[in-house]
Amino acid sequence: MRISKYTALIKKKGYGVWINSENKQDCYLATPASIYKAHGLPYVDELEVAKAILDIDKKAEEKTLLKLEYQARVTDVLGFDLSDGAIPGEKRAEHNRAAAVIDDIYYSALRCRGGELIFYDRALLAPLKDRFKDKEAAEYINYAIRYHMRSGDPYVVVKDGFETLAAILPVRILSEDYISELQDFQLMCMDQLHRERAREKAKENMNGVQEVLPGIDPKKDLSDDELQDLADRACELDREIAEDEEDADDLE
């Protein structure tokens with residue numbers, strides 16, 4: 001993992017935990033919303049040493065609280081199971097192409113078997129970026145949902161193949177107000193899609209532009225306002241033609 005990215009996270013969040021494993025060979029690094037396996041870092045029994053490794057200087061100490069914890073087991077790192085492979089009760093999850101953006105924060109969506117939708121802050125993947133750099137290796141990145149051993153709450157597990165890399169807490173972003181805003185946004189997007197299609201249709205029929213919109217030279221580029229006017233007029237003509245055809249069918 002990228003230690004510098006982890007340090008940037010805890011400086012932003014104002015809190016971090018260095019957790020030593022019971023075997024004194026591994027350690028884990030935590031933020032308020034995530035825990036990472038940190039292979040290769042030494043066993044540390046002094047807080048000042050941990051701060052030095054993480055590059056937390058005196059100035060950063062004023063705004064960043066770092067704690068030191070001991071004797072974590074891989075099956076119980078602050079209640080989270082970071083065991084490799086699959087564990088009983090685990091659910092596979094797939095990324096949804098759509099994501100939520102609220103106040104400039106990107107929340108990725110994971111869909112579990114059974115339909116449950118889980119959101120998490122995508123910025124928390126930053127310390128794992130080395131695993132995503134190689135496209136072929138990135139294909140083995142997968143996600144699962146596990147449940148906290150004490151609270152029973154779900155959390156996201158990020159894996160590279162069978163190797164567990166991190167645990168990330170989900171975020172609750174759904175509300176009636178948010179869903180209402182999404183519905184309004186969907187309507188605006190559909191309206192814009194129809195406008196863009198109308199503009200494309202107008203451009204395809206430039207030869208007849210003077211008949212549709214007198215005074216515009218089809219040999220020159222049209223401004224956005226002219227194109228929109230043309231598109232609106234084209235839609236009106238389409239409706240008039242359709243109505244005329246319906247009237248003719250009625251007469252027959």
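Residues numbered from 1 in each chain as written. Predicted model: local features only at pLDDT ≥ 70, side-chain atom pairs only at ≥ 80, totals over all residues. Heavy atoms only, no water.

A.B. asks: Which residues make up the pattern of salt bridges, and what values do they have?
C.D. replies: Applying the stated rule across the entire model yields 14 salt bridges. As a salt-bridge pair, Glu-48 and Lys-51 come within 3.7 Å of each other at their nearest N and O atoms. Note that Glu-48 and Lys-51 are positioned in helix H2 (residues 47-53) at a spacing of three residues, about one turn of the helix. Residues Asp-160 and Arg-131 are paired through a salt bridge, measuring 2.8 Å at the closest nitrogen-oxygen approach. Here Arg-131 lies in helix H4 (residues 129-133) and Asp-160 lies in strand S10 (residues 154-160), a separation of 29 residues in the sequence. Overlapping salt bridges bring together Asp-81, Glu-90, Arg-146 and Lys-159 as one network. (Salt bridge = Lys/Arg side-chain N within 4 Å of Asp/Glu carboxyl O. Helix = DSSP H or I, 4+ residues; strand = E, 2+ residues; numbered from the N terminus.)

A.B. asks: Can you explain a negative patch on the surface? Please cite residues and give values.
C.D. replies: Together, Glu-176, Asp-177, Glu-181 and Asp-184 give the surface a local cluster of negative charge. Residue placement: Asp-177 occurs in helix H6 (residues 176-204). You can call Asp-177 exposed: its relative accessible area is 61%. (Patch = residues over 30% accessible without salt bridge, like charges linked within 9 Å, V, L, I, M, F, W, Y side chains within 5 Å. Areas by Shrake-Rupley, 256 points an atom, 1.4 Å probe, with all protein chains shown as cover. Lys, Arg positive; Asp, Glu negative; His and termini not counted. Charge placed at Lys NZ, Arg CZ, Asp CG, Glu CD. Buried < 20%, exposed > 50% of the residue type's maximum accessible area, 1.4 Å probe, protein only.)

A.B. asks: Could you give an account of the packing of aromatic side chains, with specific residues and numbers?
C.D. replies: One pass over the full model with this rule turns up three aromatic pairs. Aromatic side chains Phe-80 and Tyr-155 sit 4.8 Å apart centroid to centroid with 80° between the ring planes, which places their arrangement in the edge-to-face category. Of this pair, Phe-80 sits in the loop between strand S4 (65-72) and strand S5 (91-95) while Tyr-155 sits in strand S10; the two residues are 75 residues apart in sequence, bridging distant segments of the chain. On the basis of relative accessibility, which here comes to 11%, the residue Phe-80 falls in the buried class. Pairing Tyr-120 with Tyr-143 gives two aromatic rings, centres 6.4 Å apart and planes at 35°, and the pair type is tilted. (Phe/Tyr/Trp six-rings, centres within 6.5 Å; stacked < 30°, edge-to-face > 60°.)

A.B. asks: Please set out the side chain of Thr-31 residue by residue, giving values where relevant.
C.D. replies: Inspection of the secondary structure assignment puts Thr-31 in strand S2 (residues 27-31). A distance of 2.6 Å separates a polar atom in the side chain of Thr-31 from a polar atom in the side chain of Ser-34. When neighbours within four sequence positions are excluded, Thr-31 is seen to be in contact with Tyr-6, Leu-9, Ile-10, Tyr-15, Tyr-36 and Leu-124. (Polar contact = N/O pair within 3.5 Å; in protein donor to acceptor, adjacent residues only side chain to side chain. Contact = heavy atoms within 4.5 Å.)

A.B. asks: Account for the environment of Ile-35, naming residues and giving values.
C.D. replies: Tracing the chain through its elements places Ile-35 in strand S3 (residues 34-37). Along the backbone, Ile-35 and Gly-16 are 19 residues apart, and their C-alpha atoms lie at a distance of 9.6 Å. In this structure, Ile-35 is in contact with Tyr-28, Leu-29, Ala-30, Val-77, Leu-78, Phe-80, Leu-82, Leu-165, Ala-166 and Ala-167, ignoring residues within four places of it in sequence.

A.B. asks: Residues and numbers for the nonpolar core, please.
C.D. replies: Within the largest apolar cluster, 32 residues are counted, with the highest numbers of intra-cluster contacts made by Trp-18, Leu-54, Leu-110, Tyr-143 and Val-156. Elements with a minimum of two residues in this core: helix H1 (3-13), S2, S4, strand S7 (105-112), strand S8 (117-121), strand S9 (141-147), S10 and strand S11 (163-168). Residues within four places of Leu-110 in sequence aside, it is in contact with Ala-93, Glu-94, His-95, Glu-116, Leu-117, Ile-118, Tyr-120, Tyr-143, Ile-145 and Val-156. In terms of nonpolar packing, the next biggest core, distinct from the first, is built from 12 residues, Tyr-28, Ala-30, Ile-35 and Phe-80 among them. (Core = buried A, V, L, I, M, F, W, Y, C linked by side-chain atoms within 4.5 Å.)

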